[in-house]
Amino acid sequence: MSEIYQGQFGEFTITQSDRNGVIVYRAALLVAAICFAVGSGLVLIWPHPIVYKSLTWLFFGFSAALGVSLLTIHIYMVQLHRVLQLFWLIGVVAGLALNISQPTPLAVTVYNQPQTIFGVGFIFAALTGIYFKEAFCFHRLETKVLTITTPLLLLGHLLGILPLSWERGLLATWAVLFLVFALRKAFQAIPPDIGDKSVFAYLRGVGSRE
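Basis of the calculations
- The written sequence of each chain sets the order in which its residues are numbered from 1.
- Confidence filtering applies because this is a predicted model: local features only for residues at pLDDT of at least 70, side-chain atom pairs given and counted only at 80 or more, and all residues used for totals across whole chains, interfaces and linings.
- Calculation of side-chain values draws on the structure's entire complement of heavy atoms; hydrogens and water are dropped beforehand.
- Each residue is placed in one exposure class: buried if its accessible area under a 1.4 Å probe, protein chains only, is under 20% of its type's maximum, exposed if it is over 50%, and partly exposed if it falls in between.
- By definition, any uninterrupted DSSP run of H or I lasting at least four residues is a helix, any uninterrupted run of E lasting at least two residues is a strand, and each is numbered from the N terminus.
- DSSP-based pairing: two strands are paired if at least 2 bridges between them are found.
- Between two residues, a contact is recorded if the distance between any of their heavy atoms is within 4.5 Å.
- Stacked, tilted and edge-to-face are the three classes applied to pairs of Phe, Tyr and Trp rings, where Trp contributes its six-membered ring and a pair requires centres within 6.5 Å; stacked means planes under 30 degrees apart, edge-to-face means over 60, and tilted covers the rest.

## Digging into the pairing of strand 1 (residues 4-7)
Here is step 1: The two faces of strand 1 differ: Tyr-5 and Gly-7 on one face are buried, but Ile-4 and Gln-6 on the other face are not.
Here is step 2: Hairpin connection of strand 1 to strand 2 (residues 10-13): two residues between the antiparallel strands.

Spelled out as structure tokens, the structure:
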């Protein structure tokens, strides 16, 4: 028998489908974090043309996993959820367009042409949205730092105001903390990630009356 929880707007139960969704969300986050950490580690330790080409595959593996996370994440505000998914889509399309249209590997193109962050950067804006949501809900230190680190590195590179040593340090920090965040999520109790389902039901009811 499913356990009954008392929510803000009434009682609710957590189904196996709910639990499976959280498991998929966390697994996809972990895959995204591993792709990002491996790519960051390679470019920081062994900056070589072979590595630059492999980063393209790691980026799209990261993107696919992040897309699954954004499909299965629980966010009360439907509009915000849709905006993050739209940001992800814009970033993926921009990445595909750059990869097809430019002769250099995607990572080299973005690094040498910072203005491309206006397109590809949307996918990292979506990721920052996840960091912010997790920081707000669970007060994890790593997600609070990531919420600042990610836009700081991207905007700093876009504007050309960060020394290379700072960019390398921020990238390493981002990669390590993203992996820490994803690993810690794997061992977190499942119900808090599902949230108060009575709030979702209430918001759906409000939306249907408008």
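## Side note on the side chain of Thr-56
Here is step 1: Here Thr-56 lies in helix 2 (residues 49-72).
Here is step 2: With relative accessibility at 9%, the residue Thr-56 sits in the buried group.
Here is step 3: Apart from residues lying up to four places away in sequence, Thr-56 is in contact with Asn-99, Pro-105 and Leu-106.

## Things to note about the packing of aromatic side chains
Here is step 1: Tallied over the full model, the rule gives 13 aromatic pairs.
Here is step 2: Here Phe-59 and Phe-62 contribute two aromatic rings whose centre-to-centre distance is 6.3 Å and whose plane-to-plane angle is 40 degrees, an arrangement assigned as tilted. Of this pair, Phe-59 and Phe-62 both sit in helix 2, three residues apart, which is roughly one turn of that helix.
Here is step 3: Residue Phe-62 is classed as buried on the basis of its relative accessible area, which comes to 2%.
Here is step 4: Between Phe-62 and Phe-124 the ring centres are 5.6 Å apart and the planes differ by 20 degrees, which places this aromatic pair in the stacked class. Of this pair, Phe-62 sits in helix 2 while Phe-124 sits in helix 5 (residues 117-138), and the two are 62 residues apart along the sequence.
Here is step 5: Here Phe-124 falls in the buried class, since its relative accessible area comes to 11%.

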